[in-house]
Amino acid sequence: MLNRRSVLQGATALASVMILPVPAALATPIPFSFSYDALVERARGMAQAPYAPPFQPAPEIVAQIDYQRKGELVFRTAKAPFSGQPGTGPQKGYPLEFFPLGKYATKRVQMFVVEAGRATEVPYSADFFDMPADNPARKLPHNAGFAGFRLQEWAEAEDWTHQDWVAFQGASYFRAIGAAGQYGQSARGIVINAASNGKPEEFPDFTEFYIEQRPGASADDPVTVCALLDGPSVTGAYRFQLTRGQQRARGVGMEIEAQIFLREDVDRLGLMPLTSMFWFGEYGRDRLLDWRPEVHDSDGLEMWAGSGERIWRPLNNPDGTRISAFTDTDPKGFGLMQRDRDFDHYQDGVLYDRRPSVWVEPLTPLGKGEIQLMEIPTDDEINDNIGAFWVPEGPALKGAHYALHYRLHWQNLCPVPAENIAQTVETRIGRGGQPGLPRPENVYNFAVEFDRPAVMRQIPYGVFPKVVVSTSAGTISRTFAEPMPNGNIWRANFDLALLPGEIADLRMYLELAGRPLTETWLYQFSPGWAIPPH
């Protein structure tokens, strides 16, 4: 049975190992006319026809290409299209390299290069790789195809042969490096029936990619990638404008258009989805299972509501799959963020402090719906257990059509920081009650810190902001705010009395003279999966 974790593990491992490819199918490729509009019409027509699963060539051979054998396949960079090398095409740009098939990426994905409105398939050949004589990949057929692709840094950069910045691989997953030059969380083309009681989750595939780089373009110009999506319940056409630029500290930008068609009813339709990993943070009980202080690719969901409210929701590693829904109309944006960028807080050479935050910016109004946060239990960092996506209002029925236009920002932090509002910088949870006195049973203390010097330094000396806090379960007590020694950070404190087995949805912010000083902090808390027993 295909499951979410197997797909994520395969895609994550392959992209992070940075091993490379093999092409697709035709002995003598024949150019043909191509446009995004025509791809949309193909997707529309496919939605009226029965689903046909993607071709999986030579399964008995592909199954032998495990992580170790796949690691032996080294792409010959001199053969990368757009690298300016002899025989690779007429121009330089962002060199295009391909991922090979393997045990965890078994479906053929066809690759096409587009030039002047004409698409030409890139045929598979073992000559794309250096591979040992005994590697099972040598037995792959001529129509084996690819598992995905990645783009290297600009062909004239000194590091282009060993530094990539975007990768598409596994179902509809893709990822990019951020301003700190590291991979981390991923995005997806679509989510179908994730955490649905009635149906198993479905993983539609990008089955074809059309990659175009305009002749004479510079490093600041976008790379255009069109993709065909196909799955049992959905089809779609996507157009990505991928922007890297010479100023690498800006991270990666993606402007995305999508036309999506449902061929079957869908219980949970997630649009513009992100997926990440959260094992534990400062407040997680699993911190006792590992020597590192924190382990996560993202530490919170940030939202900018249609009303203008700025919201921060720290992530959880719960005891069971949880879906939190935030109803809104025309939200201005949301994203899974890695706000904590201090290496000392992770102490890990895999550089969690450099993992990118990803912000979703709708470029056309979304209407009514919900930003949904999916949290799945994990006992290790190898599983991407967090999802965030937009769910439009109303049932997702067979024959429905959805048009999207949005932008993804792969950066360190939110590209549109809140004005005159302080942000959450720490969430801490511990035993409730007053230090030095007997601690009450089933009472938990929350200490949430907010920082933004331009805001917090405006608080007059001797004046204390009000902690505005509410809960869906239990009882709040001992609320107070206190400044930290450096003068920038204020800590909001409160106790929550909550019985075992209960779940509380908490909402809190700091207020001064009747106006919010901080963003709204939201959190879902249950004693059993938040802190260890005492």
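Residues numbered from 1 in each chain as written. Predicted model: local features only at pLDDT ≥ 70, side-chain atom pairs only at ≥ 80, totals over all residues. Heavy atoms only, no water.

A.B. asks: In this structure, what is going on with the overall build of the protein? I would like to understand it.
C.D. replies: For the protein, the count of helices and strands is five helices and 34 strands. In terms of overall dimensions, the protein is globule-like: its C-alpha atoms have a radius of gyration of 24 Å, near the 24 Å expected for 534 residues. Over its C-alpha atoms, taken along the principal directions, the protein stretches across nearly 80 × 50 × 45 Å. Out of the 534 residues in the protein, the part that is buried amounts to 57%. A separation of at least 24 residues holds for 71% of the contacts in the protein among residues at least 6 apart in sequence. Surface accessibility of the protein: about 21,400 Å² in total, with carbon and sulfur atoms responsible for 51%. (Helix = DSSP H or I, 4+ residues; strand = E, 2+ residues; numbered from the N terminus. Rg over C-alpha atoms; globule rule 2.2 N^0.38 Å. Buried < 20%, exposed > 50% of the residue type's maximum accessible area, 1.4 Å probe, protein only. Contact = heavy atoms within 4.5 Å. Areas by Shrake-Rupley, 256 points an atom, 1.4 Å probe, with all protein chains shown as cover.)

A.B. asks: Is there a simple way to explain the packing of aromatic side chains in this structure?
C.D. replies: In this description, a pair of aromatic rings is defined by centroid distance and the angle of the planes. In total, this model carries 34 aromatic pairs according to the counting rule given. Considering the side-chain rings of Phe 98 and Phe 146, the 3.9 Å spacing of their centres and the 35 degrees angle between planes classify their relative orientation as tilted. With a gap of 48 residues between them, Phe 98 in strand S3 (residues 96–99) and Phe 146 in the loop between strand S6 (129–130) and strand S7 (148–152) connect regions that are remote in the sequence. Taking 5.4 Å as the distance between ring centres and 70 degrees as the angle between the ring planes, the aromatic pair formed by Phe 168 and Phe 209 counts as edge-to-face. (Phe/Tyr/Trp six-rings, centres within 6.5 Å; stacked < 30°, edge-to-face > 60°.)

A.B. asks: Before we go on, may I ask you to explain the side chain of Glu 375 in this structure?
C.D. replies: Relative to the helices and strands, Glu 375 is located in strand S24 (residues 368–375). On the basis of relative accessible area, Glu 375 is assigned to the buried category, the value being 0%. At a separation of 3.0 Å, a polar atom in the side chain of Glu 375 contacts the side chain of Arg 313. (Polar contact = N/O pair within 3.5 Å; in protein donor to acceptor, adjacent residues only side chain to side chain.)

A.B. asks: Would you explain the pattern of salt bridges in this entry?
C.D. replies: Oppositely charged side chains can pair when the atoms bearing their charge come close. Going through the model one piece at a time under the given rule, you end up with 32 salt bridges. A salt bridge links Arg 150 to Glu 97; the shortest N-O distance between them is 3.3 Å. Here the residue Arg 150 occupies a position in strand S7, and Glu 97 occupies one in strand S3, the gap between them amounting to 53 residues. As far as burial versus exposure is concerned, Arg 150 and Glu 97 are alike and both buried. (Salt bridge = Lys/Arg side-chain N within 4 Å of Asp/Glu carboxyl O.)

A.B. asks: Can you walk me through unusual backbone geometry in this structure?
C.D. replies: Excluding glycine, a negative phi dihedral is what most residues carry, and trans is how most peptide bonds are arranged. Backbone geometry places Ala 171, a non-glycine residue, at a positive phi of 50 degrees. Following the sequence through the fold, Ala 171 ends up in the loop between strand S8 (164–169) and strand S9 (173–176).

A.B. asks: Please clarify how the sheet that holds strand S28 (residues 443–451) should be interpreted in this entry.
C.D. replies: Consider a sheet: its strands pair through backbone hydrogen bonds, and that pairing is either parallel or antiparallel. The strand order across the open sheet built from four strands is S27-S28-S31-S30, with neighbouring strands paired in antiparallel fashion. Taken across any chain shown, the strands that pair with only one partner, and hence form the sheet edges, are strand S27 (423–431) and strand S30 (475–483). Adjacent strand axes in the sheet meet at a mean angle of 15 degrees, parallel and antiparallel pairs treated alike. Here S30 pairs with strand S31 (residues 489–497) via seven bridges, running antiparallel. The residue bridging Thr 475 from the neighbouring strand is Ala 497, located in S31. (Pairing = 2+ DSSP bridges. Axes fitted to C-alpha atoms, helices over the stretch in contact; angles between N-to-C directions.)

A.B. asks: Just to check I follow, could you spell out the environment of Asp 297 for this structure?
C.D. replies: Counting through the fold element by element, Asp 297 comes out in the loop between strand S18 (295–296) and strand S19 (300–304). Relative accessible area serves as the criterion here: at 5%, Asp 297 is assigned to the buried category. Distance from Asp 297 to Leu 517, taken between C-alpha atoms, is 28 Å for residues 220 residues apart in sequence. Look past the residues within four positions of Asp 297 in its chain and what remains in contact with it is Gly 184, Gln 185, Ser 276, Met 277, Gln 338, Tyr 352, Arg 355, Pro 356 and Asp 384.

A.B. asks: Teacher, can you tell me more about the environment of Lys 466 here?
C.D. replies: Structurally, Lys 466 is set in strand S29 (residues 466–471). Once the C-alpha coordinates of Lys 466 and Gly 514 are considered, the two residues, 48 residues apart in sequence, prove to be 9.1 Å apart. Discounting chain neighbours no more than four positions away, the residues touching Lys 466 are Tyr 509, Leu 510 and Glu 511.

A.B. asks: Any chance you could explain helix H2 (residues 36–46) here in plain terms?
C.D. replies: Working note: α-helix, 3.6 residues per turn, so residues spaced by three or four point in the same direction. Of the residues making up H2, those classed as buried are Tyr 36, Leu 39, Val 40, Ala 43 and Met 46. Each buried residue of H2 sits inside an arc of 125 degrees when the element is viewed along its axis, so together they form one side. Of the surrounding elements, those touching the buried residues of H2 are strand S12 (205–212), strand S13 (223–231), strand S14 (234–243) and strand S15 (252–262). (Arc of directions from axis to C-beta.)

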